Amino acid sequence: QVQLVESGGGLVQAGGSLRLSCAASGSIFNGMAWYRQAPGKQREWVAGITRSGYTNYADAVKGRFTISRDNAKNTVYLQMNSLKPEDTADYYCKVVADGITYWGKGTLVTVSS
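Now for a quick tour of the structure. (Residues numbered from 1 in each chain as written. Predicted model: local features only at pLDDT ≥ 70, side-chain atom pairs only at ≥ 80, totals over all residues. Heavy atoms only, no water.)

Where two aromatic rings form a pair, the distance of their centres and the angle of their planes describe that pair. Counted under the stated rule, the structure contains one aromatic pair. Note on Tyr35 and Trp103: the rings are 4.9 Å apart at their centroids and 75° apart in plane angle, and the pair reads as edge-to-face. Of this pair, Tyr35 sits in strand S4 (residues 32-37) while Trp103 sits in strand S10 (residues 100-103), placing them 68 residues apart in sequence. What makes Trp103 partly exposed here is its relative accessible area of 36%. For Arg43, the ring lying beneath its charged end belongs to Tyr92, and the centroid distance is 3.7 Å. The ring of Trp103 carries Arg43 above its face, with NZ or CZ at 4.5 Å from the centroid. (Phe/Tyr/Trp six-rings, centres within 6.5 Å; stacked < 30°, edge-to-face > 60°. Helix = DSSP H or I, 4+ residues; strand = E, 2+ residues; numbered from the N terminus. Buried < 20%, exposed > 50% of the residue type's maximum accessible area, 1.4 Å probe, protein only. Lys NZ or Arg CZ within 6 Å of the ring centre and 35° of its normal.)

The following block contains the structure:
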């Protein structure tokens, strides 16, 4: 059974940094991704990474966020620098296994101005 556990969220001032982690179990995943959902808004894609390490980013976070993964630990990370108040959201890890999409429960990031 696939399980995803996010951690690393918290309260940070604008300009600060946080590092999110998502530990996955139950399968070996090719693509892993981070999404976020701000209050009153739809969930949006933030960044993705393949097993071989190819990455891509949403324009809103490009140059500030870095996604990485440790295949031995089946864990994906999101290093977030130069945080802005508009980055405030619940951040979710997503994987797909055998055609089924799995989501973590999320970790809250709050950026104060």
